[in-house]
Amino acid sequence: RHRSLVRSFEAPAAQALWPATGSLQYLSSSSPRLRASARTKFFLLPHYRPSMTDFLLELRSEEIPARMQDKARDDLARLFAAEIARAGLKAAALVTYATPRRLVLIARELPVETQAVSEETKGPKASAPPQALEGFLRKTGLTRDQLTERDGVLYAVTEKPGRATTQVLAEAIPAIIRAFPWPKSMRWGAASTSTESLRWVRPLHGIVALFGDDLVDIEIAGI
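Residues numbered from 1 in each chain as written. Predicted model: local features only at pLDDT ≥ 70, side-chain atom pairs only at ≥ 80, totals over all residues. Heavy atoms only, no water.

Put simply, helix H3 (residues 66-86) and helix H5 (residues 165-179) touch, their axes get as near as 10 Å, and they point 140 degrees apart. One element, H3, and the other, H5, form an angle in the oblique class. Here H3 runs over H5; the crossing is right-handed. Between H3 and H5, the contacting residues are Leu 76, Leu 79, Phe 80, Glu 83 and Ile 84 on the first element and Leu 169, Ala 172, Ile 173, Ala 175, Ile 176 and Ala 179 on the second. When the residues that make up the contact of H3 with H5 are grouped by side-chain class, the tally is ten nonpolar, no polar and one charged. (Axes fitted to C-alpha atoms, helices over the stretch in contact; angles between N-to-C directions. Helix = DSSP H or I, 4+ residues; strand = E, 2+ residues; numbered from the N terminus. Parallel < 35°, antiparallel > 145°, perpendicular 65-115°, else oblique. Left-handed = near helix turned anticlockwise from the far one by under 90°. Contact = heavy atoms within 4.5 Å. Nonpolar A, V, L, I, M, F, W, Y, C, P; charged D, E, K, R; others polar.)

Let us look at the environment of Gln 167. Checked against the element boundaries, Gln 167 lands in helix H5. A relative accessible area of 44% means that Gln 167 is categorised as partly exposed. Sequence-wise, Gln 167 and Val 216 are 49 residues apart; in three dimensions their C-alpha atoms are separated by 8.1 Å. (Buried < 20%, exposed > 50% of the residue type's maximum accessible area, 1.4 Å probe, protein only.)

This brings us to the pairing of strand S2 (residues 52-61). The buried fraction of S2 is high, at seven of ten residues. Pairing geometry for S2 and strand S4 (residues 102-111), over eight bridges, is antiparallel. Its bridge partner being in S4, Leu 56 is matched across the sheet by Ile 106. Inspection of the sheet shows S2 paired to strand S8 (residues 204-211) by seven bridges, in the antiparallel sense. Counterpart to Phe 55 in the pairing with S8 is Phe 211. (Pairing = 2+ DSSP bridges.)

That's the geometry; what it means functionally is another story.
Structure follows, in structure tokens:
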């Protein structure tokens, strides 16, 4: 199935689908971390052993000016790493390519789902005035019986289940496209009369998104 798909790509993108990458350039993604406030802590639940799958993204458009292609590759890798990091995901490696009509990203070894997380938020002391407790309960959406007490302090502990990576990607790709920092971009078609319409370096005609053998359902501005 991959081989029939590859024939529709430019040669560099095709080469990247196999481990024998030769002189391919790998871009290191930033390590995703769960950033927590001073009052909130996150704990990864144990016994998590996800399987890994590669992800292919191809953005097809009218001709991209040659002077913009190298920076576009870097921007695509940077934005992708940042978006998936929000969900706690990290690729083993990111590979990007640009041709006159294609911008391609391959993310190696993404987990098939995000980790389940236990979120702990520190609250008031158990002996605090009722007003402080009521405010904390409104903030967390919990009841007093659902709070955990430890060393005289109340905590709200919330279990957040993992999400399918395909769901994360379906949200991340449109966000990346809308935020893409082209030096010059344009609107096109009937929707171009609105300032809210999609902008791209040249009209964007197609999106290919494959997570392993599965198509990722992505739609943006009718594309």
